[in-house]
Amino acid sequence: LCQRAGSHAPVYCMAQLIAAGVLDRYPDLEMYFAETNASWLPFSLFFMDDNYGLFKDWFNKELQMLPSEYVKKHFYFGIVRDPMIFQMQHLIPWDRIMWGSAFPHSVGSFPKSAEFINTAMADVSEDLRRKILLEVPAKFFDLDVNKPITATPN
């Protein structure tokens, strides 16, 4: 599944979990790859499916779904500084993408997170912006988006 799919650590981890049948045995399992960015997802998903089609007979391995379907069902991805992803809007599984500032890491956007978001998401609809910044993280972390935000302690 990994050959030609990219050298990103999440690709190897996802391929191992898929090929080993872990996601079939635990159909409700979900994982979050934080700070991996995600502009690599479109080509990785394509090549994982393509590799599976090309090589599944070599290993006598029949999956219940395509690798890309497992990824879209079981994995979330965190973007930090990945403005390229917004240029590929039609290729990204947005229900699995969430943004984070990566505070306090040096590659993060803090203390200029609002500026980064506004620049990177300049051509992004308000609905998609809300999904990435609020709805997807709230769903994954089981948070209620309608509850008031508590004050930050001093």
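Residues numbered from 1 in each chain as written. Predicted model: local features only at pLDDT ≥ 70, side-chain atom pairs only at ≥ 80, totals over all residues. Heavy atoms only, no water.

This brings us to the pattern of salt bridges. Two side chains with opposite charge may pair up if their charged atoms get near one another. Taken as a whole and assessed by the stated rule, the structure comprises four salt bridges. A salt bridge links Arg96 to Glu30, with the shortest nitrogen-to-oxygen separation between them at 3.2 Å. Here Arg96 is found in the loop between β2 (75–79) and β3 (97–99), whereas its partner Glu30 is found in the loop between α2 (22–25) and β1 (31–33), with 66 residues between them in sequence. Look at Arg96 and you get buried, because its relative accessible area is 8%. Between Glu135 and Arg130 there is a salt bridge, with its nearest N and O atoms 2.9 Å apart. (Salt bridge = Lys/Arg side-chain N within 4 Å of Asp/Glu carboxyl O. Helix = DSSP H or I, 4+ residues; strand = E, 2+ residues; numbered from the N terminus. Buried < 20%, exposed > 50% of the residue type's maximum accessible area, 1.4 Å probe, protein only.)

Considering the arrangement of structural elements, one finds Ser68 in helix α4 (residues 67–74). Under the relative-accessibility criterion, Ser68 is labelled buried at 7%. Polar side-chain contacts of Ser68 include one of 2.6 Å to the side chain of Asp49. Setting aside residues up to four positions removed in sequence, Ser68 forms contacts with Leu45 and Asp49. (Polar contact = N/O pair within 3.5 Å; in protein donor to acceptor, adjacent residues only side chain to side chain. Contact = heavy atoms within 4.5 Å.)

Under the criterion given, the structure shown has ten aromatic pairs. Taken together, Tyr32, Tyr76, Phe140 and Phe141 form an aromatic cluster joined through their ring pairs. In this structure, Arg96 packs its charged tip against the face of Tyr76, placed 4.2 Å from the ring centre. (Phe/Tyr/Trp six-rings, centres within 6.5 Å; stacked < 30°, edge-to-face > 60°. Lys NZ or Arg CZ within 6 Å of the ring centre and 35° of its normal.)

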